[in-house]
Amino acid sequence: ITAKSGVNITGGQLQVGVAYSVGAAGVATAAGFVGGTIAGSTGTFTGAVTVSDTTQSTSKDTGALIVEGGVGIEKDVHVGGATSITGRLYVQGQSEFIGVATFRGGTVRLGDSATDDIYVGGEFKSNLVPDDDDSFDLGTSSQEWRNLYIDGTGNIDSLVADTADINGGTID
């Protein structure tokens, strides 16, 4: 460890006042590090910590900062580059995606019970196509869609209607 100033060892505690460096791993800046050893123990940083190593991360075992245990973060996190998560992503509370969100490579589930609401505020820019022919319904007998607006041909195998009002059309 190389410290620039303010180094004290008191009661087995290493106290560094301004900055310290740890080998070739980079320089960390802290307004006051208090703890045991840098590696293998715990400590408290009371200021911003900067790691100036610019090693790119290509997996969980590479990069400028590698953490073997879990990480708890009390406040916001801002990431300047791509974020890759190889396990599951659990998000509690509200989530907001700004820009384009692409879900690929499997099944996308929206909701997990009949009490979940799904809101669509935008417009569909593609076809809405079921996975299998003649397998899925749009609505139920007790939860019907109110109105249907189409401009084109309606290809319906069987039509059941409570009433019919055909203005100027023909029936074969």
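Computed from a predicted model, the values in this text were never measured in an experiment.

### So, the overall build of the protein chain
Move 1: Within the protein chain, the secondary structure is distributed over 0 helices and 7 strands.
Move 2: The helix and strand sequence of the protein chain, counted from the amino end, reads β-β-β-β-β-β-β.
Move 3: Within the protein chain, the proportion of its 172 residues that are buried is 7%.
Move 4: Counting contacts in the protein chain only where the partners sit at least 6 residues apart, residues at least 24 apart contribute 11% of the total.

### Observations regarding unusual backbone geometry
Leaving glycine out, the prevailing phi sign among residues is negative, and the prevailing peptide bond configuration is trans.
Move 1: The phi torsion at Asp134 lies on the positive side, around 60°, for a residue other than glycine.
Move 2: Relative to the assigned elements, Asp134 resides in the segment after β7 (43–45).
Move 3: The class for Asp134 is exposed, based on a relative accessible area of 76%.

### Some words on the pattern of salt bridges
Move 1: On inspection of all chains with the given rule, the structure shows 1 salt bridge.
Move 2: A salt bridge links Lys60 to Asp61; the shortest N-O distance between them is 3.2 Å.
Move 3: For Asp61, a relative accessible area of 46% corresponds to the partly exposed category.

### Some thoughts on the packing of aromatic side chains
Move 1: As enumerated under the stated definition, the model contains 1 aromatic pair in all.
Move 2: Ring centres 6.4 Å apart and planes at 80° place the aromatic pair Phe97 and Phe103 in the edge-to-face group.
Move 3: Taking relative accessible area as the criterion, Phe97 reaches 61% and is therefore assigned exposed.

### A short note on a negative patch on the surface
Move 1: Side chains of Asp131, Asp132, Asp133, Asp134 and Asp157 sit close together on the surface and give a patch of like negative charge.
Move 2: Position of Asp132 relative to the elements: it lies in the segment after β7.

### Quick look at the environment of Val51
Move 1: Assignment of secondary structure puts Val51 in the segment after β7.
Move 2: When its relative accessible area of 37% is taken as the criterion, Val51 is described as partly exposed.
Move 3: Taking the C-alpha atoms as reference, Val51 lies 7.6 Å from Leu65; in sequence the two are 14 residues apart.

### Digging into a nonpolar patch on the surface
Move 1: On the surface, a nonpolar cluster with roughly 730 Å² of combined accessible area is contributed by Val49, Val51, Leu65, Val67, Val71, Ile73, Val77 and Val79.
Move 2: Relative to the helices and strands, Val49 resides in the segment after β7.

Cut-offs applied
Residue numbers restart at each chain and count upward from 1, following the sequence in its written direction. Reporting in this predicted model follows two pLDDT cut-offs: at least 70 for local features of residues, and 80 or more for side-chain atom pairs to be given and counted; totals over whole chains, interfaces and linings ignore these cut-offs and use all residues. Neither water nor hydrogens contribute to the side-chain values; these are computed over all heavy atoms in the structure. Helix numbering and strand numbering both begin at the N terminus, where a helix is a DSSP run of H or I of at least 4 residues and a strand a DSSP run of E of at least 2. Throughout this description, buried means an accessible area under 20% of the type-specific maximum (1.4 Å probe, protein chains only), exposed means over 50%, and partly exposed covers the range between. In this description, contact between two residues means that some pair of their heavy atoms is separated by no more than 4.5 Å. Salt bridges are identified by distance alone: a Lys or Arg side-chain nitrogen within 4 Å of an Asp or Glu carboxyl oxygen. When the centres of two rings from Phe, Tyr and Trp lie within 6.5 Å, Trp using its six-membered ring, the rings pair. Their planes under 30 degrees apart give stacked, over 60 give edge-to-face, and anything left gives tilted. Patch rule: a residue counts if its relative accessible area is over 30% and it has no salt bridge; like charges are joined within 9 Å, and nonpolar side chains (Val, Leu, Ile, Met, Phe, Trp, Tyr) within 5 Å. Here the open area of atoms and residues is found with the Shrake-Rupley method and a 1.4 Å probe, where only the protein chains shown may cover a residue. By the counting scheme adopted, Arg and Lys are positive, Glu and Asp are negative, and His together with the chain ends is not counted. All charge positions are set by atom: Lys at NZ, Arg at CZ, Asp at CG, Glu at CD.

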